[in-house]
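# A structural walkthrough
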Amino acid sequence: MCKLYKSLHSFTLSFVTCLILMPSFVSAQGAKGALQLDGINDYAEFSNDNRGITNQVTVEAWIKTNSMGHHHVMSKYDRDTENGFQLLIQNGKACVAGRDGSGNYRLSGYSTSIVADNKWHHIAGVINDGIWKIYVDGVLQNQFDTGYRNTVLNSREKLLLGNFYYVHLGNHFYAGSVDEVRLWKRALTEEEIRRNMCRTLPSDSPGLVAYLKLDNIAGGVIIDSSPFRMNGILTNTTPAVAAITSGAPIGDRSVYRYTNRWDSSLEMVTDIANFSVTNVDPAIQGFHLYSIQLPPSSTNGINSPQEVEEYYGLFKVGDASKKYKVYLKQYGMNCGGNLYRRSDNTVANWSQVADTTASPIMLYNSSANYGEFAATSKAAPTVTISGPASVCAGSTATLSAAYVGDGQILWNTGETTRDIQITQGGRYEVSIIEGSCVVTGFINVTNTSPVSFSLGNDISLCPGESQVLSAPGGMGSYTWNTGETTPTINVTTEGTYWVKVVTPTGCFSIDEVVVSIAKEPEFGFQTEVFACYGESVTLDATTTGASYLWSNGRTTPSIIVSASADNSVVITVDGCTYLHQFTIKRDECPLIPNVLTPNGDGKNDAFVVQGVEENSLELQVFNRWGKPVYQNNRYDNSWSATAVPTGIYYYHLTSSRTQKVFKGWVEVIR
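Attention here is on the structure that accompanies the text. Please read all numbers here as calculations on a predicted model, not as lab measurements. Per chain, residue numbering runs from 1 following the sequence as it is written. Restriction of local features to residues with pLDDT of at least 70 applies here, the model being predicted, together with a cutoff of 80 or more for giving and counting side-chain atom pairs; totals for whole chains, interfaces and linings are based on all residues. Each side-chain value is derived from all of the structure's non-hydrogen atoms; neither hydrogens nor water enter the calculation.

### Observations regarding the environment of L579
Strands are runs of DSSP state E lasting at least two residues, helices are runs of H or I lasting at least four, and both sets are numbered from the N terminus onward. Tracing the backbone through its elements, the reader meets L579 in strand 47 (residues 576-587). Expressed as a C-alpha distance, the spacing of L579 and G611, which sit 32 residues apart in the sequence, is 31 Å. Beyond its immediate sequence surroundings of up to four residues, L579 is in contact with S568, V569 and V570. Contact between two residues is taken to exist if any of their heavy atoms lie within 4.5 Å; hydrogens are not considered.

### Some thoughts on a nonpolar patch on the surface
On the surface, L410, I433 and V438 cluster together to form a nonpolar patch covering roughly 220 Å² of accessible area. Residue position: V438 is located in strand 35 (residues 437-448). Like-charged residues are merged into a patch within 9 Å and nonpolar side chains (Val, Leu, Ile, Met, Phe, Trp, Tyr) within 5 Å, provided each residue has over 30% relative accessible area and no salt bridge. Computed by Shrake-Rupley with a 1.4 Å probe, the accessible areas treat only the displayed protein chains as cover when residues are assessed. Salt bridge, as applied in this entry: a Lys or Arg side-chain nitrogen positioned within 4 Å of an Asp or Glu carboxyl oxygen.

### Re the side chain of E82
Tracing the chain through its elements places E82 in the loop between strand 4 (70-78) and strand 5 (83-90). Any N or O atom pair separated by 3.5 Å or less is treated as a polar contact, with the protein-specific requirement of one donor-capable and one acceptor-capable atom, and with residues adjacent in sequence counted only for side-chain atom pairs. For E82, the side chain forms a polar contact with the side chain of R79, separated by 3.1 Å. The contact partners of E82, leaving out residues within four places of it in the chain, are R99, D100, G101, G103 and N104.

### Quick word on the state of the cysteines
As used here, a disulfide is simply a covalent bond connecting the sulfur atoms of two cysteines. The definition used for a disulfide is geometric: two cysteine sulfur atoms within 2.5 Å. Using the criterion set out here, one finds 3 disulfides in the structure. Across the disulfide, C392 is cross-linked to C507 (sulfur-sulfur distance 1.9 Å). Residues C392 and C507 share a disulfide whose torsion about the S-S bond is about 115°; that sign makes it right-handed. Here the residue C392 occupies a position in strand 30 (residues 390-392), and C507 occupies one in the loop between strand 40 (495-502) and strand 41 (508-517), the gap between them amounting to 115 residues. Judged by its relative accessible area of 6%, C392 is buried. Note on classification: 1.4 Å probe, protein chains only; a residue is buried when its accessible area is under 20% of the maximum for its type, exposed when over 50%, partly exposed between these limits. What makes C507 buried here is its relative accessible area of 1%. Linked covalently through their sulfurs, C462 and C576 form a disulfide whose S-S length is 2.1 Å. Here the disulfide of C462 and C576 is left-handed, its torsion about the S-S bond being about -85°. Placement of C462 in the loop between strand 36 (459-461) and strand 37 (467-470) and of C576 in strand 47 is noted, with a sequence separation of 114 residues between them. Side by side, C462 and C576 carry an identical accessibility label, which is buried.

Listed below in structure tokens is the structure:
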């Protein structure tokens, strides 16, 4: 840890090595860093150089504290030599005090307002020509005229930030946050205090002898940005503890107004925006507006943060309940914008507070004493025109403008409706006007002509045939008189067929074709023919004016074939072909002998049945008394009556194909 020196009159400055952890600040902006002191033993110490101070001084700082104790924000005061000054807070109120060489302790009197309310306040003490003044937030709150004009303020004591020490009184440490501390060797006017309090200053500002921005205290060094460059040392704390993000309302540029008559707005005009407050409650004493010329270090919550080039802040002087209206017009946002707010630089997240449509003006009502604002543009709405890319000369087409919103519509034809009818090609433009937002769109439409096509010559079909009718491809639509809507249809019946084709541009054409079907000739022959087994049969397909092709290759009107197979014939009449299938029904026409002479002479030696399919009969033979003498379930014409005597025998022949039974007698003669 670092050593605390109790007596500031008698010590020699020395250092103990400390581990310094310093937070970094990414992007430049008005308020970046501040110093947090604990009120116990933290402070910063600078040299005892008098910095050119003689009989005038101004000491000012932004402070945030909630302590009602006795605190010194800055002091350079020598009790023993009766010279110097103190900027302090006691019982929550601010004052400037010190000694002027007269032998008397001087005091401006305490401020009328409480500054120990845990909010950022600007306090300034001014000593000039024997008059000691204290300002809070740019308002003179107390003063004391000593009448002593030979003021001597130069002091041999060290300049201290956050403390005053006197051997008989001890330490008076400051507890709270402090930022943008400035010491002047001249007396600032009220206007100068107001003009400078919410903005950073050039380091070479006339009369500026100590300028502590407190943005970077790396290594425990408190940088003095004044021309003197007399840096100080952070004592009894570390940068990791003392360095905080500042929430003081400080920008790069600022404007202000203090009045009791708010009859006009206060405007901060930059290269890209007008940031203003209007409708200000008359009870509000003053307003400061400031701008930061770079994006904020945190853009959490902001849509399209890359659009934020700068942001803005305000500081209200007056009752926290008094209202006003924020007005932000950022140039180039003709189609509306999004307004975001955070209370101060310590808040990482932004909240959207206004969403305007078709207007570059964003408004927000508030009563807060602090606030920072950023804006992004709303994406310009789009307008699209739907309609054909071309139009058929003489026909009508519809163009439609699609747009989300209630803007005024104006076509380059002069029409003001969303839909318009056109009869010719050309470039058609539409503008949507909503407030200051103008969105345009266009479509190019070309002129086209109907397509020329033919379904072909009239068609004659043979019975059972079909025909595909084809319209040209690539059309917008097809309408057949059959109700079909395809480019092709298949027809099987006679009649008149027409199709209407419409091109994508709306041109239509119609063509028709007549389809007829030839009358089938009268065929006077039978295709079912009966024949006994094993016999030949004549198939006759004679037709007037016909040609023939039989399945056996013959081309005559009739053919003779065996009864063992079916046959077909293709008959051609007037170019149409007709297929006929002849079916031959094979009948059983048995020829049964009635005499057997089994004497080996080759004649009637066996009981041979003709006119039936072989092995298709069952044979039973009986004598005259009904006794079976022979039986064969698949008779093969082999019975020769060798085992029976001469005589009359009776037979039963049963067909296995038709179950017919043939009965009769046969005489065996030897």
